[in-house]
Amino acid sequence: MTTLSINDFTTETTAKAPDRMMPQKAGVALWRPMFAMALMGFAIGFILSLVRAGMISNGEDPLEIAAFGHYVPAAMFFGFASVFAAISFAIAKILGESRVGGGSVQEATGTEVATLKMPGTAKAFIVLMAMATMIIHAAVVLHVVAGVSIAAGDWTPVQAEQWTIWLEAARRFGTVLYLFAITLGLVTIAKVIRFQTFRLRQVADRA
Amino acid sequence: MAVAFNKLVTPATDDYRTVADHSKVAIGIGVVGVALAMIVAAISLVAANDVGSGGEDAAQLLALGFGLETLAVVTIKVGIAVALVGILVRLWLRIESVKVSLATLRPTDHGNGSAIGDIETEYGAVTVSKTPPASLPIHKMARTMWFPMLVMGPMLVAAGVVTSVVWSNNIGTRTGLGAAGWTQGMQFLGEGLVLAGISFLLGSILASLREGGGEVQQALGLRVTTLKMPATAKAFVVLMMAGLMISMAQFGLYLYTLTFDTVAEITPWWAWLGPLRELGLALLLSGIVLALATIANVLGFQFSRIRSIAATGEWETSS
């Protein structure tokens, strides 16, 4: 069975416990607002869907119904983008606690503080999260644009149908990218836990 | 059976230097999911072009794309579950390291620590007791349920891919309509079960942190200081249960709509059932946010305890 040693980790050494990195500070500050925005998006999206169902039942203007067909996913996916952001920021918060907490424990023992350098998975997590956010938010904005254009009668039914398919594809792909980013974030947490396991033993061995 | 799949979340060996492959497997599964999603994106582009050129294949392609897209999303979520299993395994090795290391690092000259009872800390209310507290019922449930959820979920999604093929081949017919209802209801129930499995794994992580913390303090002969269940953890349980119930209800409602005689009757129902099924997943995801925030809080609390024990040796049992 393959084994690792403490030398297999890329670290930086400081005299004092390090502070949170910028993305981790953002995680602490932003997970709550994102969570609140997500709940609002979901609530608005579901209410709009009930309104649309009522319009269909009452046989109202097909253009208005088609327009609402874009407003509903716009609101729901605003919610999904926010909830995925909240999950990502909560992961960043966990990584921040591990960085500061791990450093402070080492400092308390009077040893130099070794901290894991940002792993490649963490960098990829941030890049993919940013890409996914942009894709989903672009789809949300374009859904609203499509809804307004359809309601105004500016688009042909074929154009409207094409935009529906394109935007659905974009927001679904954005969702998949976000989930993959979250996977990488969790893999980073596992890596940090593994490093801390090694470092604690090393500090105790040197005591 | 519970014992059998509990082995999946405990280290195969006590050697903390051993490499586990969970991370690689999780990333590998994730890459497969992304590749599937790219195929679905290509199918959607072809369908959009077909609409533009007046073709008649778009509905068929989109039905197939729906089934495959959910499969792609669930594949990545299974990858997430594997990553969480990896975290659980490593947590136990870390707990063992903390136990061994603190026994060496803890100063021999130390105070008595807090009295038995409840106290307030910057991380929330904590209980100080002589022995580790018993497992919470929700933690027992989490350890029992994560695996069945993660098995049943993908099975339903896979069955949904099969019905999406039936849907795709019977567009505009009663059979196609039935298959569309089954696909949507079944796949979103499957996705809900996978998210519930992930939630239960997060619950298992919280359980391990609680048990491990107690185990370390007891092994050192200290009074056991345990964080009380925070409001975020309670809200996590409520959101998860609500999300799971909606996921089950939407499945039942899709099947109910298939008893209607005409498409005109079904259409208004499906207009809100689509967002309802998304709402179920949304609540489950919202619960996951709170679970992660709780884990961050518990970690912060535990680091403060470890730091305190290493620096002052406090929280001793005997005075």
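In what follows, the structure referred to is the one given above.
This write-up is about the structure you can find in this document.

Re the overall build of chain A
Then, number 1: The helix and strand inventory of chain A stands at four helices and two strands.
Then, number 2: Beginning at the N terminus, the succession of helices and strands in chain A can be written as β-α-α-β-α-α.
Then, number 3: For chain A, buried positions account for 54% of its 207 residues.
Then, number 4: Within the structure as shown, chain A displays about 8500 Å² of accessible surface, and the carbon and sulfur contribution to it stands at 65%.
Then, number 5: Taking the average location of the 16 positive side-chain charges in chain A and that of its 13 negative ones, the two points are 13 Å from each other.

Focus on the overall build of chain B
Then, number 1: Helix and strand counts for chain B come out as seven helices and three strands.
Then, number 2: If you list the helices and strands of chain B from N to C, you get α-α-α-β-β-α-α-β-α-α.
Then, number 3: Overall, chain B is about 85 × 40 × 35 Å in size when its C-alpha atoms are taken along their principal axes.
Then, number 4: In chain B, buried positions account for 57% of the 319 residues.
Then, number 5: Intrachain contacts of chain B at a sequence separation of at least 6 include 85% that bridge at least 24 residues.
Then, number 6: Here chain B holds 19 positive side-chain charges and 20 negative ones, and the gap between their average locations is 11 Å.

Things to note about the packing of helix H1 (residues 22-57) of chain A against helix H2 (residues 62-108) of chain A
Residue and element names in this part refer to chain A.
Then, number 1: Look at H1 against H2: their axes get within 6 Å of each other, and the N-to-C directions meet at 160°. The pairing of H1 with H2 is recorded here as roughly antiparallel in orientation. Crossing of H1 against H2: the hand is left-handed.

Details of the pairing of strand E2 (residues 124-129) of chain B
Residue and element names in this part refer to chain B.
Then, number 1: Pairing of strand E1 (residues 117-121) with E2, which is carried by five bridges, proceeds in the antiparallel orientation. Paired with Thr121 across the strands is Gly124, a residue of E2.
Then, number 2: Linking E1 to E2, which pair antiparallel, is a turn of two residues.
Then, number 3: In terms of strand pairing, E2 meets strand E3 (residues 224-227) through four bridges, oriented antiparallel. Note that in E3 the partner of Val126 across the bridge is Leu227.

Some points on the pattern of salt bridges
Then, number 1: One pass over the full model with this rule turns up 12 salt bridges over all chains.
Then, number 2: With a closest N to O distance of 3.9 Å, Arg99 of chain A and Glu12 of chain A form a salt bridge. Remark: Glu12 of chain A occurs in strand E1 (residues 11-14) and Arg99 of chain A occurs in helix H2; sequence separation between them is 87 residues.
Then, number 3: Its relative accessible area of 31% is what places Glu12 of chain A among the partly exposed residues.
Then, number 4: For Lys99 of chain B, the salt bridge identified is with Glu96 of chain B, shortest N-O distance 3.5 Å. Note that Lys99 of chain B and Glu96 of chain B are positioned in helix H3 (residues 58-105) at a spacing of three residues, about one turn of the helix.
Then, number 5: On the accessibility criterion, Lys99 of chain B (18% relative accessible area) is buried.

A few points about the interface of chain B and chain A
Then, number 1: Between chain B and chain A, the contact holds 74 residues from the first and 64 residues from the second.
Then, number 2: Viewed at the interface, chain A and chain B are joined by zero salt bridges.
Then, number 3: On inspection of chain B and its partner chain A, the count reaches eight residue pairs in polar contact (both at pLDDT 80 or more).
Then, number 4: Those elements that place two or more of their residues in the side of chain B that touches chain A are helix H2 (22-52), H3, helix H6 (231-257) and helix H7 (263-312) of chain B.
Then, number 5: Of the residues contributing to the side of chain B that touches chain A, the split by class is 48 nonpolar, 17 polar and nine charged.

Definitions and cut-offs
Residues numbered from 1 in each chain as written. Chains lettered and ligands numbered in written order. Predicted model: local features only at pLDDT ≥ 70, side-chain atom pairs only at ≥ 80, totals over all residues. Heavy atoms only, no water. Helix = DSSP H or I, 4+ residues; strand = E, 2+ residues; numbered from the N terminus. Buried < 20%, exposed > 50% of the residue type's maximum accessible area, 1.4 Å probe, protein only. Areas by Shrake-Rupley, 256 points an atom, 1.4 Å probe, with all protein chains shown as cover. Lys, Arg positive; Asp, Glu negative; His and termini not counted. Charge placed at Lys NZ, Arg CZ, Asp CG, Glu CD. Contact = heavy atoms within 4.5 Å. Axes fitted to C-alpha atoms, helices over the stretch in contact; angles between N-to-C directions. Parallel < 35°, antiparallel > 145°, perpendicular 65-115°, else oblique. Left-handed = near helix turned anticlockwise from the far one by under 90°. Pairing = 2+ DSSP bridges. Salt bridge = Lys/Arg side-chain N within 4 Å of Asp/Glu carboxyl O. Polar contact = N/O pair within 3.5 Å; in protein donor to acceptor, adjacent residues only side chain to side chain. Nonpolar A, V, L, I, M, F, W, Y, C, P; charged D, E, K, R; others polar.

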